[in-house]
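# Chain and residue survey
Residues per chain, in single letters:
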Amino acid sequence: MAMTAVARETVFALRRQIAKIEGTLPERLAAATSDADVNTDLTIVRRGIAAGLPDAFLPIGVERLDAALSGGLPKAALSEIHGTQTRDAGAVAGFALSLTSLILKQAPGLPVLWIGTTEIFREAGFPYARGLHASFGIGPEQLLFSEAPRLVDALWVAEEAARMTALAAVILEIRGHPQRLDLTATRRLHARAQGAGRPVFLLRQAAEPEPTAAPVRLIVASAPAAPRDTIAGPLAGSIGRPAFTLTIGKSRTALPGQFTLEWNPDERAFDERASGQRGGEERQRAKNSVPVVSLSGRGKDPAAAPGAVLAFPAVGSPAAISPTARDQPSRPQRAAHLGPRRAG
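We now turn to the structure provided with this report.

What counts, and where the lines are drawn
- Residues numbered from 1 in each chain as written.
- Predicted model: local features only at pLDDT ≥ 70, side-chain atom pairs only at ≥ 80, totals over all residues.
- Heavy atoms only, no water.
- Helix = DSSP H or I, 4+ residues; strand = E, 2+ residues; numbered from the N terminus.
- Contact = heavy atoms within 4.5 Å.
- Salt bridge = Lys/Arg side-chain N within 4 Å of Asp/Glu carboxyl O.
- Buried < 20%, exposed > 50% of the residue type's maximum accessible area, 1.4 Å probe, protein only.
- Phe/Tyr/Trp six-rings, centres within 6.5 Å; stacked < 30°, edge-to-face > 60°.
- Pairing = 2+ DSSP bridges.
- Right-handed = clockwise from strand over helix to strand, strands pointing away.
- Core = buried A, V, L, I, M, F, W, Y, C linked by side-chain atoms within 4.5 Å.

### What to know about the overall build of the protein chain
In terms of helices and strands, the protein chain carries eleven helices and 13 strands. Considering only contacts in the protein chain between residues 6 or more positions apart, those separated by 24 or more positions represent 70%.

Encoded structure:
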């Protein structure tokens with residue numbers, strides 16, 4: 001009996017340690033008093049289904065995805081957002097900004113800190129200030145940037161910022177597979193996020209998944225945009241809302257799955273694209289080949305009738321001669337000061 005009590009206390013101590021790492025509630029784990037409760041709680045710990053508050057998750061707004069993630073992304077935790085190739089950097093950043101827009105709806109007035117190394121900002125660039133407000137409703141003053149010369153400096157800034165409750169969220173963007181971004185570093189970020197009750201997003205650009213302490217890892221890539229929706233139906237040849245291909249690469253509550261999401265910049269919300277919608281859009285685009293804009297009936301220069309689209313006008317046509325060239329004098333009449341300058 002004594003050995004059973006000692007073994008049970010040992011199991012409880014291990015489970016408390018696991019709970020601190022995974023973000024589950026130690027009080028929930030310590031509430032078990034019978035062997036049946038012990039087995040149930042062990043299953044809960046292994047699956048990562050914590051008994052959290054209803055406000056513990058950030059709903060993405062897509063019913064199937066939120067159900068797969070048991071409510072959404074954890075707010076007080078480290079979450080990974082991966083882009084496997086450099087060309088996906090814009091999609092990864094756009095998805096992170098979409099999540100930031102959802103967070104700022106719940107925490108208006110608080111800024112967001114975006115941390116990165118000089119290398120990643122030179123490679124992927126900075127978000128466009130006007131686009132932030134137009135597409136995500138984020139004011140330029142709400143998004144702060146911290147550019148660090150080395151990864152060790154970026155990690156230090158992220159750890160210090162993750163403990164601050166004056167920030168709505170912290171974004172750490174890193175490129176490749178640096179050696180310093182190991183399991184210990186991600187555990188520290190995850191613990192700081194838990195302590196402050198704020199999300200920390202780890203953006204991994206051009207990187208493959210590696211073991212980390214983050215409960216959730218999402219792999220993001222750009223998806224083809226659908227045509228714009230109008231009253232008359234899809235507008236042929238147009239570019240609709242930005243779309244993302246989202247893959248659940250790691251989750252303690254969900255099996256791997258893939259979703260195609262569209263970001264609505266007007267509603268500031270995600271929508272899921274149906275699986276057969278893309279094929280229907282292609283058929284509609286091929287069917288609707290007539291011009292959708294009527295010709296102008298006013299003015300001295302009416303719009304030309306639609307015809308073949310050429311990259312360059314035909315040689316000898318009036319369009320081949322630019323208006324600037326037609327207004328210039330011939331070579332004998334050109335003044336001397338208008339001649340080409342010397343390169344040297």
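Structure shown, so let's carry the discussion forward.
### Some points on the pattern of salt bridges
Two side chains with opposite charge may pair up if their charged atoms get near one another. Considering all chains together, one arrives at ten salt bridges under this definition. Here R273 makes a salt bridge to E262, at a shortest N to O gap of 2.9 Å. Linking R273 in the loop between β13 (269-272) and α10 (277-287) with E262 in strand β12 (residues 258-264), this pair joins segments that are eleven residues apart in sequence. With relative accessibility at 8%, the residue R273 sits in the buried group. Overlapping salt bridges, with partners in common, bring together R241, E262, D271 and R273 in one network.

### Some words on the packing of aromatic side chains
Tallied over the entire structure, the rule returns nine aromatic pairs. Consider the rings of F121 and F126, whose centres lie 4.4 Å apart with planes at 20°: the pair is stacked. Classification of F126 as partly exposed rests on a relative accessible area of 46%. Each ring, one from F126 and one from F145, has its centre 5.3 Å from the other, and the planes form 80°; the classification is edge-to-face.

### A short note on the environment of V200
Among the secondary structure elements, V200 is positioned in strand β7 (residues 200-205). For V200, a relative accessible area of 2% translates into the label buried. Residues V200 and V170 lie 30 residues apart in sequence; the distance between their C-alpha atoms is 4.8 Å.

### Side note on the pairing of strand β6 (residues 169-175)
Burial within β6 is extensive, with six of its seven residues counted as buried. Note: strand β4 (residues 112-117) against β6, five bridges, orientation parallel. Bridge pairing in β6 links W114 to I171. With six bridges joining them, β6 and β7 adopt parallel strand pairing. Bridge pairing in β7 links R175 to Q205. In terms of handedness, the path from β6 via helix α9 (residues 183-196) over to β7 forms a crossover that is right-handed.

### Some remarks on the nonpolar core
Grouped together as the largest cluster of nonpolar side chains are 41 residues, with contacts concentrated most on L65, I81, F95, L99, F201, L261 and F270. Aside from chain neighbours lying at most four places away, what touches F270 is I60, G61, V62, F95, S98, L99, L102, F244, L261, E262 and W263. If you look at the next biggest cluster of nonpolar residues, it comprises 22 residues, including L78, L113, L151 and A161.

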